[in-house]
Amino acid sequence: MATYTTEIASDKLISDNPIHQRLLKAYIAAKPWVSGDLLEVGCGEGRGVEELLPLAKSYVGLDKIGEVISMLQAKFPGVDFRQAIIPPFVGFADRSFDTIVSFQVIEHIANDRLFLQEIYRMLKPGGKAIISTPNINHTLSRNPWHEREYTPQQLIDLASSIFDRVEAMGVGGNPKVWDYHEANRKSVNKIMRFDIFDLQHKLPASVLRMPYEILNRFNRNKLHKQQGNSVVEITHEDFPLVDNPAEGLDLFYVLWKK
């Protein structure tokens, strides 16, 4: 299935492989915490469905894109996929799920506090939510698809005001990953040097999305040509889960309800 934007990294495009593997790592890392009745918020094209299904008593997958939901329903017959625009989570009762996972979603949500409050509401006592989101300290340019991005402490503060316990970790990288990230940073900086008026932070997001898509896809293809096999050879194992979220390319938090 074709991707919609560079926000939905493809598992079929070679140039997207480092991003795909980084996103896949969140599912792999979440496995020790997944149990019982599971809700995935933002299941996308189903990158992690096969990883999580065997661990759960039941699974519900939500996404806002109807075409994605139709594809997943055909691929996984009998699994409960639903189209939904959230928050709020209409039709979901209090204390419905033992585990809720939501990877690379909260940065897209305008009302992030309501988003987390609703997740807390839907968790059973003793339940936990596992979320991931980019660490803004390692972001290379403004992403016009994101409402905001977080420092590790900003997300700790927000989550701690709602949940009873927060375990803050990160999805890091080995030297192979950081070499790729550094090459990416240099390439992005070459592009951004033409933005002498800092328009990326001044123009509305809606205006920036098309040029962002064009330049982002160009940059990924360029890095693939420059980096060669190193792009192809990166796997989820090259993205270790780290105890210090500041060391993570992504923040990876486990949020507990008493």
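What counts, and where the lines are drawn
The residue numbering used here restarts from 1 in each chain and proceeds along that chain's sequence as written. Local features in this predicted model are restricted to residues whose pLDDT is 70 or higher, and side-chain atom pairs enter the listing and the counts only when it is 80 or higher, whereas totals over whole chains, interfaces and linings include all residues. Side-chain measures here rest on the full set of heavy atoms in the structure, leaving out hydrogens and waters. For this document, the term salt bridge refers to a Lys or Arg side-chain nitrogen within 4 Å of an Asp or Glu carboxyl oxygen. Numbering goes from the N terminus for both helices and strands, where a helix is a DSSP run of H or I of at least four residues and a strand is a run of E of at least two. Buried means the residue's accessible area, taken with a 1.4 Å probe over protein chains only, is under 20% of the maximum for its type, while exposed means over 50%, and partly exposed covers the values in between. Note on pairing: DSSP must find at least two bridges between two strands before they are called paired. Look down the strands so they point away from you; if going from the first strand over the helix to the second traces a clockwise path, that crossover is right-handed. The rule is short: rings of Phe, Tyr and Trp, with Trp giving its six-membered ring, pair when the centres are within 6.5 Å, and they are stacked under 30 degrees, edge-to-face over 60, tilted in between. The criterion is simple. A nonpolar core is a set of buried Ala, Val, Leu, Ile, Met, Phe, Trp, Tyr and Cys residues joined through side-chain atoms within 4.5 Å.

Section: the pattern of salt bridges
- Within this structure, the stated rule accounts for 10 salt bridges.
- Across the pair R22 and D250 runs a salt bridge, and its minimum N-O distance is 2.7 Å. Separated by 228 residues along the polypeptide, R22 in helix 1 (residues 17-30) and D250 in strand 8 (residues 250-256) bring together distant segments of the chain.
- Ionic contacts of the salt-bridge type, sharing partners, join the residues D37, D98 and K124 into one network.

Things to note about the pairing of strand 2 (residues 58-63)
- Within strand 2, five of the six residues are buried, which leaves the element mostly enclosed by the surrounding structure.
- In the sheet, strand 1 (residues 37-41) pairs with strand 2 via five bridges, with the strands oriented parallel. By the bridge assignment, D37 is partnered in strand 2 with S58.
- Running through helix 3 (residues 66-75), the crossover from strand 2 to the neighbouring parallel element strand 3 (residues 80-83) is right-handed.

Looking at the packing of aromatic side chains
- On inspection of all chains with the given rule, the structure shows eight aromatic pairs.
- Seen from their ring centres, F89 and F115 are 6.2 Å apart, and the 40 degrees between their planes marks the pair as tilted. Note that F89 is positioned in the loop between strand 3 and strand 4 (97-103) and F115 in helix 4 (residues 112-122), a separation of 26 residues in sequence.
- A relative accessible area of 0% means that F115 is categorised as buried.
- Here the aromatic cluster, defined as three or more aromatic residues joined through ring pairs, consists of Y27, W33, F103 and F252.

A few points about the nonpolar core
- If you look at the biggest cluster of nonpolar residues, it comprises 31 residues, and the most contacted ones within it are F81, F103, I130 and F252.
- Secondary structure elements with two or more residues in this core: helix 1, helix 2 (49-52), helix 3, strand 4, strand 6 (165-171), helix 6 (175-192) and strand 8.
- Here this core gets four residues from one element, more than from any other, and that element is helix 1.
- By size, the runner-up hydrophobic cluster in this structure holds 28 residues, among which are F97, M122, Y150 and A159.

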